[in-house]
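Structure at a glance
Listed below are the residues making up each chain.
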Amino acid sequence: MTTNRTKADDLPKDTAVVEAFRKLGGLPVYTAAYIASDLAAGTIGISYTTSVRDFQRKSKRRFLSQAALSVTPQLQTASVARKFFPTDLGDSGMVAVSPSGAWQLTSRIADKKRYLEIAGAGSFRSIEVTKKHGDFYADDAFGGVGWSADETKFVYIAEREIPDNDSKYVHAMDWGEGYTGKARPVLVVVDLSAVPDQDKPDEPLVTVLAALPVSASQPVLTRAGDKIIFTGIADDPLPFGIKFCYNRRNAIYSVKTDGTDLVKLTPEGRNGRYPRLSPDGASVYYLSNKIGGAHSACSELVCYDLSKSVASTVVPVVQTAIQPSVFPGLFADRLVGNGPWVKLPTGLHLVIQTSWRTQETLVAIHATTGVVTRLTRPLPESPYSWSLLGVTLDGWIVATRSTLSEPASLVLGRLVRIGEPIAWTVVDKPTIPAEIEKGLANIDWKVSSVPGCDPNVEVLLMTPKVARHPRLAEHGATANGAPLVVIPHGGPHGVISTAFSLYSALLASFGFAVAQVNYTGSTGYGEEFVQALIGRIGDLDLSDVNTAAYWASRQPGIDASRVSLFGGSHGGFVTGHLLGLQPDFFKAGILRNPVINVGAMVANSDIPDWCFAEAGIPFDQAAPHLLSPGEYDTMFKKSPASVAHLVKSPVLLMLGAGDRRVPPSDGMRWAQYLLGAGKPITVLMYPETGHALDSFEAERSGFESIASFLFDRFGTPAPAKSASAWTSA
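Residues numbered from 1 in each chain as written. Predicted model: local features only at pLDDT ≥ 70, side-chain atom pairs only at ≥ 80, totals over all residues. Heavy atoms only, no water.

Some details on the side chain of glutamate 151
Relative to the helices and strands, glutamate 151 is located in the loop between strand E9 (146-147) and strand E10 (153-159). Lacking a salt bridge, the buried glutamate 151 has arginine 223 as its closest oppositely charged neighbour, with an N-O distance of 9.5 Å. At a separation of 3.1 Å, a polar atom in the side chain of glutamate 151 contacts the side chain of serine 98. A polar side-chain atom of glutamate 151 sits 2.8 Å from the main-chain amide nitrogen of serine 100. Filtering out sequence-adjacent residues up to four positions away, glutamate 151 remains in contact with Ser98, Pro99, Ser100, Ala102, Trp103 and Leu192. (Helix = DSSP H or I, 4+ residues; strand = E, 2+ residues; numbered from the N terminus. Buried < 20%, exposed > 50% of the residue type's maximum accessible area, 1.4 Å probe, protein only. Lys, Arg positive; Asp, Glu negative; His and termini not counted. Salt bridge = Lys/Arg side-chain N within 4 Å of Asp/Glu carboxyl O. Polar contact = N/O pair within 3.5 Å; in protein donor to acceptor, adjacent residues only side chain to side chain. Contact = heavy atoms within 4.5 Å.)

Structural data, given as structure tokens:
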């Protein structure tokens, strides 16, 4: 849908944009890793997976790579001895390595049949499980594989098989965004040492625990292999969307491998997720949040003593943290797979990735005292944000590190003693084409607070040294200043870190200034900062972003007359609002699956509780109520729809037809109104694409459309033939 007779076919193909996205967007992204260390032999092996955009096949592919490293005699650093060619993971789902490193478990679907493949040194075994259960769960929220100490048993998550009778018509609500059609996750236990049918010696005992009263996720096995510790998620009266929602009615449970003796371990009033057994098997550690309210907030780290049946808080919620050096609390998505454990002279520690203001940071937590030690250096000492992939008991840590202008590299280091810096070895890094390197080197960036805002409100400001794209080049680096793109994050309880962001880096490399804003409600700044936004969306978030935009527009090298907004989800909510409230300052807006009418979302979103919570209206997930007229009125007044009549700047609206979180109908109704009012708007709809707009085509086409939209508003007119080269820099 477009206005002013603009057609989708008329959107120009800018060759420089296409080439830059293809080269930078085609670099591998590290997604998982496993470490096997043999200090006696002085060697370390790392298996790691990458995701790569394949521009020929128009798809995203996964690869498994291997690296061998030698360890220094002091056992504190390592050097890469050899790397091996990557292997295409093809149709595989789960890929899990046993704790000893002796076995690799892979799930695979081939010819509509489901298989488990177990590979070891010189051995391979395939087990068909088609008739046992439905699809595998291989994601972070539900998936995971737990092993017994002797590695003869393992447990995973799959969809419960539905009998082919009339019971299949009984409606079961699924888990929403990212889980369409998945509604009944169950525990599946495989006992490799048991053979139920002697006539079929290659078929082990496979037990599906389908009768549990909760939906199962994130399983681990006790060392003896007789019990499963798992996260159970309440799905009665209905399942709420689970992706990126840490406020659900989930708890830590224990159950025997035959499905009996189910015990809830989590105290009332708090939830639990990502259980991890201590190395001695005596305790379970997990992350815990308050049920209800903000979907992402400060977590507790809890220890449950299995022998005493007692839970204790190891790291409590941190309410305030104004000074950057003060630990702001745990804002962790998960605990790493095979266990986050490191055994040091001072005791057992957990290594966790957490948001610490604008940096994703690695911390070590003493398992008994709860003392938190930062392992990675803060700004301004180090610009990096980190993503934790794996940990070994003897202290080796594999992670990625990146900055706003540097794509992620895979690194390995050893934690030897608390307080000693870690020496990091680069295991693998992407090969960046020379022209792209020049573009990234064109970016200066800084993190700054904003005068007039709460001290925790921060802006990550990226500025170009010169305008490198032909359509911006004539404006020069200093003559008029760079056009500014202001980006508020989604959530609203999320955070923008110094980690590499493809879209922002490309825009800044072309010659745009980019201001990414962490406003009130952002995570990584303490619990009070998160809760301050509850009930005040459409108020504090707008004030912070607007103030930050005015501040950024007056920084050296930026043209205050060419300012635009770019936001997705709640960032789109902020964008839609400010386009109406500040129509003369913001000259254009890009919205990706935006929240436009909070009240209208209630009926169709997988997270209706979000609408109530953010509007400051009580909501009980265990007994959800219907939206009242008064509540709708409150929500509407907080929504961008309430100021739609004031919008006058050009808009690019990008929607995913498969979005379960913010239904595309929300954006479409807004677009229809703007279209009828003669306002300039272009709508792009991506089929079978969800809230993140992360399908191959949505990412490729989306960025090309964003760049063209911005060039048309803030650059020189497009040439008869689209730009085909960078300017020299």
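What follows picks up the thread again.
Re the sheet that holds strand E26 (residues 396-403)
In spatial order, the strands read E25-E26-E27-E28; together these 4 strands make up an open sheet with antiparallel pairing. Sheet topology places strand E25 (385-391) and strand E28 (425-428) at the edges, where each strand pairs with a single neighbour. Across the sheet, the mean angle from the axis of one strand to that of its neighbour is 35°, orientation sign disregarded. Alignment of strand E27 (residues 406-414) against E28, held across 3 bridges, turns out to be antiparallel. (Pairing = 2+ DSSP bridges. Axes fitted to C-alpha atoms, helices over the stretch in contact; angles between N-to-C directions.)

Re the sheet that holds strand E35 (residues 651-656)
Taken in spatial order, the 8 strands of this open sheet run E29-E30-E32-E31-E33-E34-E35-E36, and their pairing is mixed. Two strands in the sheet have a free side with no partner beyond their single neighbour: strand E29 (443-449) and strand E36 (681-686). In this sheet, adjacent strand axes meet at a mean angle of 15° when their direction is disregarded.

Here we look at the packing of aromatic side chains
Per the counting criterion, the structure on display carries 25 aromatic pairs. Residues phenylalanine 136 and tyrosine 156 carry aromatic rings whose centres are separated by 5.9 Å and whose planes lie at 45° to one another, so their mutual orientation is tilted. One end of the pair, phenylalanine 136, is in the loop between strand E8 (123-128) and E9; the other, tyrosine 156, is in strand E10, and 20 residues separate them in sequence. Note on tyrosine 156: relative accessible area 0%, which makes it buried. When the ring of phenylalanine 327 is compared with that of tryptophan 356, the centres are 5.6 Å apart and the planes differ by 65°; the resulting orientation is edge-to-face. Of the two residues, phenylalanine 327 is situated in the loop between strand E20 (310-315) and strand E21 (341-344) and tryptophan 356 in strand E22 (residues 347-356); the sequence distance between them amounts to 29 residues. Judged on exposure class, the residue phenylalanine 327 and its partner tryptophan 356 are both buried. Ring-pair connections join several aromatic residues into one group, and the members of that group are Phe21, Phe55, Tyr503, Phe510, Phe512, Phe696, Phe703 and Phe711. Stacked on the ring of tyrosine 246, the Lys or Arg arginine 273 has its end atom at 4.2 Å from the ring centre. Of note, arginine 374 hangs over the ring of tryptophan 356, and the distance from its end group to the ring centre comes to 4.4 Å. (Phe/Tyr/Trp six-rings, centres within 6.5 Å; stacked < 30°, edge-to-face > 60°. Lys NZ or Arg CZ within 6 Å of the ring centre and 35° of its normal.)

Here we look at helix H12 (residues 696-714)
Its 19 residues give H12 an end-to-end C-alpha distance of 27 Å, which sits within 8% of 27 Å, the value for a rise of 1.5 Å per residue. Among the 19 residues of H12, 16 are classified as buried, and the element is accordingly described as predominantly covered. (Expected span 1.5 Å × (residues − 1).)

Focus: the nonpolar core
Among the nonpolar cores identified, the biggest contains 58 residues, and Leu484, Leu653 and Trp670 are the most heavily contacted of them. Ranked by the residues each element gives to this core, the list is headed by helix H6 (residues 540-553), at 7 residues. With residues up to four places along the chain from it excluded, the contact list for tryptophan 670 reads Gly576, Leu591, Ile596, Ala644, Val647, Val651, Leu653 and Ile681. (Core = buried A, V, L, I, M, F, W, Y, C linked by side-chain atoms within 4.5 Å.)

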